[in-house]
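# Summary of structural features
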Amino acid sequence: MEKNNRQSPEQILYEKKWKRNRMLNRSIQILVFLFFFIQWEVTTALGIVDSFFFSSPSLIMKSLRTLIKNNGLLMHIRVTLLEILLSFALVVLISLVIAVLFWYFDRLSTIFEPYLVVLNSLPKSALAPLFIVWLGTGMKTIIVAGISVALFGAIISLYTGFKQTDEGKIRLVYALGGTKRDVLRKVILPGSIPLIISTMKVNIGLSLVGVVIGEFLAARCGLGYLIIYGTQTFKMSMVITSLVLLCLIAVLLFVIIDLFDRLINHKKSSA
């Protein structure tokens, strides 16, 4: 029996209105973006804003070409991106494993949850100098700094989400003779996929922040290193160019995770 895919006039009207609003929002976002950069360029050209301290879009483009030609910008981007991805992957893996262990073994969560809250509240920038003393300078310290910013909050978020799973589904598994492991495999993990992905969206930004903090103190390459070097030598165009590139990396990584989220939702809806 074939499905009836015909839409009602109300559904068609709703979809047209939704698409029109989406296009309008996108257009406004692009116009705001263009307006900001045009005003930035104009105010610096007229001397209203000092381009030595605030740079300008044209100076950023010039700095970008110079960095690509002379200072190996692609190498700096590659190093920072690798550190972010490694930190992010380790945060996702470690936080998921620890949250599962906390849910599975109640005593573990009772003992260690207060410590997690304390560690999560610590200013992570204050820990970075300790990582340098313990681990030395280099990529290892930067990755640990990236992990430290995101890890504790991710564990708390995942564990809290696991505890808020529908009790009716859990009781049903036990009523059918299932074990706690069956509850984990059949209810907790599948039902927490949206939570895991939303946590990943937050963690990718936090991992970037932690990596940049680590590069400020312990790197000899990377975009964070360029920011510190540019600040020390008063090359503000280099600093702002590096910040713009970090923003682009953050947007790109978020979009990738968002596409992954949409792919999973599409598979669920088509199943």
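Only a predicted model underlies this, so the values are computations on that prediction, with no experimental measurement involved.

### Here we look at unusual backbone geometry
Although it is not a glycine, Ser55 sits at a positive phi angle of roughly 55°. Positionally, Ser55 belongs in the loop between helix 2 (51-54) and helix 3 (57-70). On the basis of relative accessibility, which here comes to 0%, the residue Ser55 falls in the buried class. A positive phi angle is found at Phe234, which is not glycine, with a value near 60°. For Phe234, the location among the structural elements is in the loop between helix 11 (223-232) and helix 12 (236-270). On the accessibility criterion, Phe234 (55% relative accessible area) is exposed.

### As for the pattern of salt bridges
Side chains that differ in charge, positive against negative, can pair when their charged atoms come close. Under the defined criterion, the tally for this structure stands at four salt bridges. In this structure, Arg185 and Asp182 form a salt bridge, with 3.5 Å as the shortest nitrogen-oxygen distance. On the criterion of helical spacing, the pair formed by Arg185 and Asp182 is a turn pair, its members being three residues apart in helix 9 (residues 180-191). Overall, the relative accessible area of 47% leaves Arg185 in the partly exposed class.

### A word on empty space enclosed by the protein
By the definition in use, this model includes one cavity of 30 Å³ or more. Considering only enclosed or pocket space, the largest cavity measures out at about 40 Å³ in volume. Lining the largest cavity, in full, are Val92, Ser95, Leu96, Leu158, Ile196, Thr199, Met200 and Asn203. Elements with a minimum of two residues in the lining of the largest cavity: helix 4 (73-104) and helix 10 (193-218). When residues in the lining of the largest cavity are grouped by element, the largest group, four residues, is from helix 10. Here the lining of the largest cavity is built from residues that sort into five nonpolar, three polar and no charged.

### Structural notes on the confidence of the model for the protein
Taken residue by residue, the protein gives an average pLDDT of 87. The fraction at 70 or more is 96%. Per-element averaging of pLDDT across the protein places helix 6 (residues 124-135) at the bottom with 82 and helix 4 at the top with 94.

### Comments concerning the environment of Gly161
The topology assignment puts Gly161 in helix 7 (residues 139-163). Here Gly161 falls in the buried class, since its relative accessible area comes to 19%. Sequence spacing of Gly161 and Ala45 is 116 residues, and the spatial spacing of their C-alpha atoms is 52 Å.

### A look at the packing of aromatic side chains
Per the stated rule, a full pass over the model turns up 11 aromatic pairs. Note on Phe37 and Trp40: the rings are 5.7 Å apart at their centroids and 40° apart in plane angle, and the pair reads as tilted. Of this pair, Phe37 and Trp40 both sit in helix 1 (residues 9-45), separated by three residues, roughly a single helical turn. Members of the aromatic cluster, connected to one another through ring pairs, are Phe33, Phe36, Phe37 and Trp40. For the cation-ring pair, Lys180 lies above Trp103, with the distance from its terminal atom to the ring centre recorded as 5.2 Å. Over the ring of Tyr104 we find Lys180, and its NZ or CZ is 5.7 Å from the ring centre.

### Structural notes on the packing of helix 4 against helix 5 (residues 106-121)
Interhelical geometry of helix 4 versus helix 5 gives an angle of 130° and a closest axis separation of 6 Å. Comparing the axis directions of helix 4 and helix 5 gives the class oblique. Two secondary-structure elements touch here, helix 4 through Leu101, Phe102, Trp103 and Tyr104 and helix 5 through Asp106, Leu108, Ser109, Phe112 and Leu116. Considering only residue class, the contact of helix 4 with helix 5 consists of seven nonpolar, one polar and one charged.

Rules and cut-offs
Chains are numbered independently. Their residues run from 1 in the order of the written sequence. Note on the predicted model: pLDDT of at least 70 is required for a residue's local features to be given, and 80 or more for side-chain atom pairs to be given and counted; whole-chain, interface and lining totals, by contrast, use all residues. Hydrogens are left out, water is left out, and the side-chain values use all remaining heavy atoms of the structure. A run of H or I in DSSP becomes a helix once it reaches four residues, and a run of E becomes a strand once it reaches two; helices and strands are each numbered from the N terminus. Residue exposure (1.4 Å probe, protein chains only): buried if accessible area is under 20% of the type maximum, exposed if over 50%, otherwise partly exposed. Each salt bridge in this description consists of a side-chain nitrogen of Lys or Arg and a carboxyl oxygen of Asp or Glu lying within 4 Å of one another. Buried and open spaces are told apart on a 1 Å grid over the protein atoms alone, a cavity being a set of points where a 1.4 Å probe fits but cannot get out and a pocket being an open set with protein on both sides within 12 Å along at least five of seven lines. Residues with an atom within 4 Å of a point are the lining residues. Grid points are joined across faces, edges and corners, and a volume is the space filled by probe spheres set on the points. The nonpolar class holds Ala, Val, Leu, Ile, Met, Phe, Trp, Tyr, Cys and Pro. Asp, Glu, Lys and Arg form the charged class, and all remaining residues, Gly among them, are polar. pLDDT measures how confident the predictor is about each residue, on a scale from 0 to 100. Side-chain rings of Phe, Tyr and Trp, where Trp is taken by its six-membered ring, are said to pair if the distance between their centres is within 6.5 Å; with planes under 30 degrees apart they count as stacked, over 60 as edge-to-face, and otherwise as tilted. Criterion for a charge above a ring: Arg CZ or Lys NZ at most 6 Å from the ring centre, at most 35 degrees from the ring normal. In this description, a line fitted to the C-alpha atoms serves as the axis of each element, helices being fitted only across the stretch in contact, and the angle between N-to-C directions of two axes falls anywhere from 0 to 180 degrees. Throughout, the term roughly parallel applies to angles under 35 degrees, roughly antiparallel to angles over 145, roughly perpendicular to angles from 65 to 115, and oblique to all others. Working rule for contacts: check all heavy atoms of both residues, and any pair within 4.5 Å makes them a contact.

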